[in-house]
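Okay, here's what each chain looks like letter by letter:
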Amino acid sequence: MDKKINKLILNKAVQLLAQRDHSSYELTNKIIQFFTKKIKCSEDEYYEQLNQLKIETADVIQYCTNQNWMNDTQYIEKYIVMRANKGYGRYKIAMELKQRGLPTDLTNKLLCMLDINWSYNAHKQLLKKFKQINAKNILEKQRIVQFLITRGYTQDDIKDVYNLLT
């Protein structure tokens, strides 16, 4: 460890990581939010201390990553599997991960690599939502398509599901 790690920030990071997995972006934001409340000084000194806090937090995040206490790739994989099991599609999961500050290219790569049958998940969600499905009814088809789009499924997944129904 070349740089001196701030023990208070490290302790907070370990405490947060002990509760659940966090992405590096989430952990950084939580730590900065927690410690900015504790800064008590003049306005000029505030920004200087905030910058110092950001630098020290980045060092702690790097340290946690080096210790393998957190890993964005594993976080994304777990998150995709968890959300897919809850019935959400690729688009919705990708959007949620983007909102969590995770790299889009890595997310898309992992979405393609993971062995998830998206059409089967979409079909399962349909059967759960609609007890009786009449695929010939145009209004019902629109409701089905809208439901699956809202859940984040791709057009290909929706076509596959619709073919299963007819």
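Residues numbered from 1 in each chain as written. Predicted model: local features only at pLDDT ≥ 70, side-chain atom pairs only at ≥ 80, totals over all residues. Heavy atoms only, no water.

Some details on the overall build of the protein
Scanning the protein for helices and strands turns up nine helices and zero strands. The linear arrangement of helices and strands in the protein, starting from the amino end, is α-α-α-α-α-α-α-α-α. Against the globule reference of 15 Å for 166 residues, the protein gives a C-alpha radius of gyration of 22 Å, more extended than a compact globule. Projecting the C-alpha coordinates of the protein onto the three principal axes gives extents of approximately 70 × 35 × 25 Å. Burial analysis of the protein (166 residues in total) assigns 39% to the buried set. (Helix = DSSP H or I, 4+ residues; strand = E, 2+ residues; numbered from the N terminus. Rg over C-alpha atoms; globule rule 2.2 N^0.38 Å. Buried < 20%, exposed > 50% of the residue type's maximum accessible area, 1.4 Å probe, protein only.)

What to know about the pattern of salt bridges
The full count for this structure, using the stated rule, is five salt bridges. In this structure, arginine 90 engages aspartate 157 in a salt bridge whose closest nitrogen and oxygen atoms are separated by 3.3 Å. Taken together, the residues arginine 90 in helix H5 (residues 90-99) and aspartate 157 in helix H9 (residues 155-165) connect sequence positions 67 residues apart. On the basis of relative accessibility, which here comes to 25%, the residue arginine 90 falls in the partly exposed class. (Salt bridge = Lys/Arg side-chain N within 4 Å of Asp/Glu carboxyl O.)

Section: the environment of glutamine 74
Within the element layout of this structure, glutamine 74 appears in helix H4 (residues 72-85). For the pair glutamine 74 and serine 23, spaced 51 residues apart in sequence, the C-alpha to C-alpha distance is 9.3 Å.

Considering the nonpolar core
In this structure, Ile76, Ile80, Ile93, Leu97, Trp118, Leu126 and Leu148 are the most contacted members of the largest nonpolar core, which totals 23 residues. When residues of this core are traced back to their parent elements, those giving at least two are H4, H5, helix H6 (104-113), helix H7 (118-129), helix H8 (138-151) and H9. With five residues, H4 is the largest single contributor of residues to this core. Ignoring sequence-local partners within four residues, the contact set of isoleucine 93 consists of Tyr79, Ile80, Arg83, Ala84, Tyr88, Leu111 and Trp118. (Core = buried A, V, L, I, M, F, W, Y, C linked by side-chain atoms within 4.5 Å. Contact = heavy atoms within 4.5 Å.)

Things to note about the side chain of glutamine 125
Turning to its location among the elements, glutamine 125 is positioned in helix H7. Within polar-contact distance, the side chain of glutamine 125 engages the side chain of arginine 151 at 3.1 Å. The contact partners of glutamine 125, leaving out residues within four places of it in the chain, are Lys86, Gly87, Phe147, Arg151 and Tyr153. (Polar contact = N/O pair within 3.5 Å; in protein donor to acceptor, adjacent residues only side chain to side chain.)

As for the packing of helix H1 (residues 7-19) against helix H2 (residues 24-36)
For the pair H1 and H2, the least separation of the axes is 10 Å and the interaxial angle reads 125°. Taken together, H1 and H2 sit at an angle that is classed as oblique. For the crossing formed where H1 meets H2, the hand is right-handed. Each of Leu8, Ile9, Lys12, Ala13, Leu16 and Leu17 in H1 lies in contact with H2, whose residues at this interface are Leu27, Lys30, Ile31, Phe34 and Phe35. Per-class residue counts for the contact of H1 with H2 are nine nonpolar, no polar and two charged. (Axes fitted to C-alpha atoms, helices over the stretch in contact; angles between N-to-C directions. Parallel < 35°, antiparallel > 145°, perpendicular 65-115°, else oblique. Left-handed = near helix turned anticlockwise from the far one by under 90°. Nonpolar A, V, L, I, M, F, W, Y, C, P; charged D, E, K, R; others polar.)

Section: the environment of leucine 127
Among the secondary structure elements, leucine 127 is positioned in helix H7. Leucine 127 gets classed as partly exposed once you look at its relative accessible area, which sits at 44%. Put simply, leucine 127 and tryptophan 69 are 58 residues apart on the chain and 40 Å apart in space, counted from C-alpha to C-alpha.

Purely geometric numbers; function is a separate question.
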